[in-house]
Amino acid sequence: MDYQKRIEEYRKIGREIKEEYIDEKRKDLLCIEENNVLLFLKRIEEDECSTGDLKNLFLQNQEEDDYRPSLYVDFDKKLLYSMYIEPASYEDYVPVGWNAKYKSFLDIIPAEKRYWEKQN
């Protein structure tokens, strides 16, 4: 969420994130916070997917991939939970004042939104 932190961390280890690699939707929104989240959400509207669409995708491809969510973001509570298993630690890149943890959050997602679960 705070892309500037990530850029700085890469610089510290002698690497660079080139501006041309940053998604156009984020170039002037390096830190997504309460004051600009609505602008960011507007920019990613075309990428939105309903729970129903995710459920259909999961049902069609459940043998191939893991479609469980890897990030949980709550702007109201300034909270980020990550289950992202790659070396990038998203919890290290939250804005100041946020709480972030690497932990499972699947149990806090309402049952009707759990697109990755088989229905009985």
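Preceding this paragraph is the structure being described.
Residues numbered from 1 in each chain as written. Predicted model: local features only at pLDDT ≥ 70, side-chain atom pairs only at ≥ 80, totals over all residues. Heavy atoms only, no water.

Q: Please set out the overall build of the protein chain residue by residue, giving values where relevant.
A: What the protein chain contains, in helices and strands, is three helices and three strands. Its C-alpha atoms give the protein chain principal-axis dimensions of about 50 × 30 × 30 Å. In the protein chain, buried positions account for 29% of the 120 residues. Considering only contacts within the protein chain whose residues lie at least 6 apart along the sequence, 44% involve residues at least 24 apart. Split by element, the accessible area of the protein chain, about 8900 Å² in all, is 46% carbon and sulfur. (Helix = DSSP H or I, 4+ residues; strand = E, 2+ residues; numbered from the N terminus. Buried < 20%, exposed > 50% of the residue type's maximum accessible area, 1.4 Å probe, protein only. Contact = heavy atoms within 4.5 Å. Areas by Shrake-Rupley, 256 points an atom, 1.4 Å probe, with all protein chains shown as cover.)

Q: So what about the pairing of strand β1 (residues 71-74)? Which residues, and what values?
A: Across four bridges, β1 lies against strand β2 (residues 79-82) in antiparallel orientation. Each bridged residue has a counterpart across the sheet, and for Tyr-72 the counterpart in β2 is Tyr-81. From the end of β1 to the start of β2, which pair antiparallel, there are four residues, and Lys-78 there has a positive phi angle of about 50°. (Pairing = 2+ DSSP bridges.)

Q: Any chance you could break down the pattern of salt bridges for me, citing the residues and the numbers?
A: Counted according to the given criterion, the structure contains eight salt bridges. When the shortest N-O distance is used, the salt bridge between Glu-117 and Arg-114 registers 3.7 Å. Three or more residues joined by partner-sharing salt bridges are found here, namely Lys-25, Glu-46 and Asp-47. (Salt bridge = Lys/Arg side-chain N within 4 Å of Asp/Glu carboxyl O.)

Q: Lay out the nonpolar core with the relevant residues and their values.
A: Residues Phe-58, Leu-79, Tyr-81, Met-83, Phe-105, Leu-106, Ile-109, Tyr-115 and Trp-116 constitute the largest nonpolar core, which totals nine residues. Contact partners of Leu-79, with chain neighbours within four places excluded, come to Tyr-72, Val-73, Asp-74, Trp-98 and Asn-99. (Core = buried A, V, L, I, M, F, W, Y, C linked by side-chain atoms within 4.5 Å.)

Q: If you had to explain the sheet that holds strand β3 (residues 99-102) to someone new, which residues and values would you point to?
A: Ordered by their spatial adjacency, three strands build an open sheet running β1-β2-β3, and the pairing between neighbours is mixed. Looking along the sheet, the strands with just one partner apiece sit at the ends: β1 and β3. Taken over all neighbouring pairs, the strand axes of this sheet differ in orientation by 10° on average, direction set aside. (Axes fitted to C-alpha atoms, helices over the stretch in contact; angles between N-to-C directions.)

Q: How would you summarise the side chain of Asp-2 if you had to cite specific residues and measurements?
A: Its location among the elements puts Asp-2 in the segment before α1 (3-12). For the buried Asp-2, which has no salt bridge, the nearest side chain bearing the opposite charge is Lys-5, at an N-O separation of 4.6 Å. Among residues more than four places away in sequence, those in contact with Asp-2 are Leu-30, Cys-31, Tyr-93, Val-94 and Pro-95. (Lys, Arg positive; Asp, Glu negative; His and termini not counted.)

Q: An account of the packing of aromatic side chains is requested, with residue identities and associated values reported.
A: As enumerated under the stated definition, the model contains five aromatic pairs in all. Ring centres of Tyr-72 and Tyr-81 lie 6.0 Å apart, and the angle between their planes is 20°; on these two criteria the pair is classed as stacked. Here Tyr-72 falls in the partly exposed class, since its relative accessible area comes to 22%. The structure contains a cluster of three or more aromatic residues connected by ring pairs, namely Tyr-72, Tyr-81 and Phe-105. We note Arg-26 situated over the ring of Phe-40; from NZ or CZ to the ring centre the distance is 5.8 Å. Across the ring face of Tyr-81, the terminal group of Lys-103 is positioned such that the distance to the ring centre comes to 4.6 Å. (Phe/Tyr/Trp six-rings, centres within 6.5 Å; stacked < 30°, edge-to-face > 60°. Lys NZ or Arg CZ within 6 Å of the ring centre and 35° of its normal.)

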